[in-house]
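# Summary of structural features
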Amino acid sequence: MVTAANIEQFKKITRLAAEHDARLVAVSKTKPTEDILALYQAGQRVFGENYVQELVAKQPQLPGDIQWHFIGHLQTNKVKQIAPFVTMIHSVDNLKLLKEINKQALKQRRVIDCLFEVHIASEETKFGLDQAALMPLLEEVRSMPDHYAGVRLAGLMGMATNTGEEQIIRREFGYLRDLGEQVRREFPDQRDDFSELSMGMSGDYAVALEEGSTLIRIGSLLFGARPGKPA
Ligand SMILES: *Cc1c(COP(=O)(O)O)cnc(C)c1O
């Protein structure tokens, strides 16, 4: 349930994001459509989901002016289910996936904004690129821009280490920001301005905003804790 306290949080977070020229992605995974509508009625239009099945079930039941961002791990064979409506995909971490997003977007006569997910945390994970893998991907797209007319390379996404130590989080977010600047220097381009930095969640969004985030992805502070996860 979205409580009055959640709506207060929403207002506070939206205000802080605006002060930093950033936008809020309200992460509604596992939450019912009523909760999404409650936040919609409070003014929110950008929502993030992690699971294809769940997103395609919810999307038709909700207002058409919602911008859906896909933020979870995305399997190539599921891209076509979300390509008709998704605005941005935050989790591109391989060329095969990018090619499939491009193909499905072109079929729909759409352009889908894509962020490359970069592994910045000290924790092990199988998802996300490292810096060495990012540059060849960009070279591929830049060398054949007409091939990739269905995707717009909008920037980078990253998740910091899950720790209470602020300096560690700040350093990781700073690394992602510097990487984005490096890409803009080395691959200047009109269409793909590569200006977005998707970083910051409920526990670390304030640090992320200070380090240059343009998209904060917040779930539990807005919708309450998810089952099995502390708030
Ligand atoms: C769930 C999730 C979030 C939101 O997490 P909270 O801690 O609930 O704010 C943000 N980004 C990604 C990729 C997620 O999976």
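Summarised in this report is the structure supplied together with it.

### Structural notes on the overall build of the protein chain
Helix and strand counts for the protein chain come out as 9 helices and 8 strands. Its C-alpha radius of gyration of 17 Å places the protein chain within 12% of the 17 Å reference for a compact globule of 231 residues. When the backbone C-alpha atoms are referred to their principal axes, the protein chain occupies close to 50 × 40 × 30 Å. Here the protein chain holds 231 residues, and 51% of them are scored as buried. Taking all contacts inside the protein chain whose residues are at least 6 apart in sequence as the whole, residues at least 24 apart take part in 60%.

### Describing helix H7 (residues 166-186)
With 21 residues, H7 extends 30 Å from end C-alpha to end C-alpha; this agrees with the ideal 30 Å at 1.5 Å per step. Elements in contact with the buried residues of H7: helix H6 (131-143), strand E6 (151-157), strand E7 (196-198) and helix H8 (205-210).

### Brief notes about helix H2 (residues 33-41)
Working note: α-helix, 3.6 residues per turn, so residues spaced by three or four point in the same direction. Those residues of H2 lying buried are Thr33, Asp35, Ile36, Leu39 and Tyr40. Looking down the long axis of H2, one finds its buried residues gathered within 160° of arc, a one-sided arrangement. Among the exposed residues of H2, those oriented more than 90 degrees off its buried face are Glu34 and Gln41. Buried residues along H2 sit in contact with helix H1 (4-19), strand E1 (23-27), strand E2 (46-49), helix H3 (52-58), strand E3 (67-70) and helix H9 (220-223). At the C-terminal side of H2, Gly43 shows a positive phi close to 120°.

### Quick look at the pattern of salt bridges
Tallying each qualifying case throughout the model produces 11 salt bridges. Put simply, Arg45 and Asp65 hold a salt bridge, and the shortest N to O gap is 3.3 Å. Here Arg45 is found in the loop between H2 and E2, whereas its partner Asp65 is found in the loop between H3 and E3, with 20 residues between them in sequence. One salt-bridge network, in which partners are shared between bridges, spans Glu166, Arg170, Arg177, Asp178, Glu210 and Glu211.

### Description of the site of the ligand
Taken together, Val27, Lys29, Asn50, Ile71, Met159, Met201, Ser202, Arg217, Ile218, Gly219, Ser220 and Arg226 form the complete shell of residues around the ligand. At a separation of 2.8 Å, a nitrogen atom of the ligand approaches a polar side-chain atom of Arg217. Gly219 is positioned such that a nitrogen or oxygen atom in its backbone is 2.8 Å from an oxygen atom of the ligand. In the complex, the protein chains occlude 89% of the 390 Å² of accessible area that the ligand would expose alone. Across the shell around the ligand, the residue classes break down as 5 nonpolar, 4 polar and 3 charged.

### Description of the pairing of strand E4 (residues 88-92)
One face of the sheet, then the other: side chains in a regular strand alternate in exactly this way. The buried count for E4 comes to 5 of 5 residues, which makes it a mostly enclosed element. Note: E3 against E4, 2 bridges, orientation parallel. Paired with Phe70 across the bridge in E4 is Ile89. Bridge count between E4 and strand E5 (residues 112-117): 3 bridges; the pairing is parallel. Looking at E5, one finds that Val92 is bridged to Phe116.

### Remarks on the side chain of Glu117
Structurally, Glu117 is set in strand E5. If we ignore the near neighbours within four places in the chain, the residues touching Glu117 are His90, Ser91, Val92, Asp93, Phe127, Gly128, Leu129, Met157 and Met159.

### As for the packing of aromatic side chains
Aromatic ring pairs are defined here through the distance separating the ring centres and the angle between the ring planes. Overall, the coordinates contain 1 aromatic pair when judged by the stated rule. Just above the ring of Tyr40 sits the side chain of Arg45; from NZ or CZ to the centre is 3.6 Å.

### Quick look at the side chain of Glu49
Tracing the chain through its elements places Glu49 in strand E2. Take Glu49: its relative accessible area is 0%, and that puts it in the buried class. Side-chain polar atoms of Glu49 contact the side chain of Ser28, separated by 2.7 Å. At 2.7 Å, the side chain of Glu49 forms a polar contact with the side chain of Lys58. Once residues within four sequence positions are removed from consideration, Glu49 is found in contact with Ser28, Lys29, Ile36, Glu54, Leu55, Lys58, Trp68, His69, Phe70, Ile71 and Gly72.

What counts and how
- Residues numbered from 1 in each chain as written.
- Predicted model: local features only at pLDDT ≥ 70, side-chain atom pairs only at ≥ 80, totals over all residues.
- Heavy atoms only, no water.
- Helix = DSSP H or I, 4+ residues; strand = E, 2+ residues; numbered from the N terminus.
- Rg over C-alpha atoms; globule rule 2.2 N^0.38 Å.
- Buried < 20%, exposed > 50% of the residue type's maximum accessible area, 1.4 Å probe, protein only.
- Contact = heavy atoms within 4.5 Å.
- Expected span 1.5 Å × (residues − 1).
- Arc of directions from axis to C-beta.
- Salt bridge = Lys/Arg side-chain N within 4 Å of Asp/Glu carboxyl O.
- Near = heavy atom within 4 Å.
- Polar contact = N/O pair within 3.5 Å; in protein donor to acceptor, adjacent residues only side chain to side chain.
- Areas by Shrake-Rupley, 256 points an atom, 1.4 Å probe, with all protein chains shown as cover.
- Nonpolar A, V, L, I, M, F, W, Y, C, P; charged D, E, K, R; others polar.
- Pairing = 2+ DSSP bridges.
- Phe/Tyr/Trp six-rings, centres within 6.5 Å; stacked < 30°, edge-to-face > 60°.
- Lys NZ or Arg CZ within 6 Å of the ring centre and 35° of its normal.

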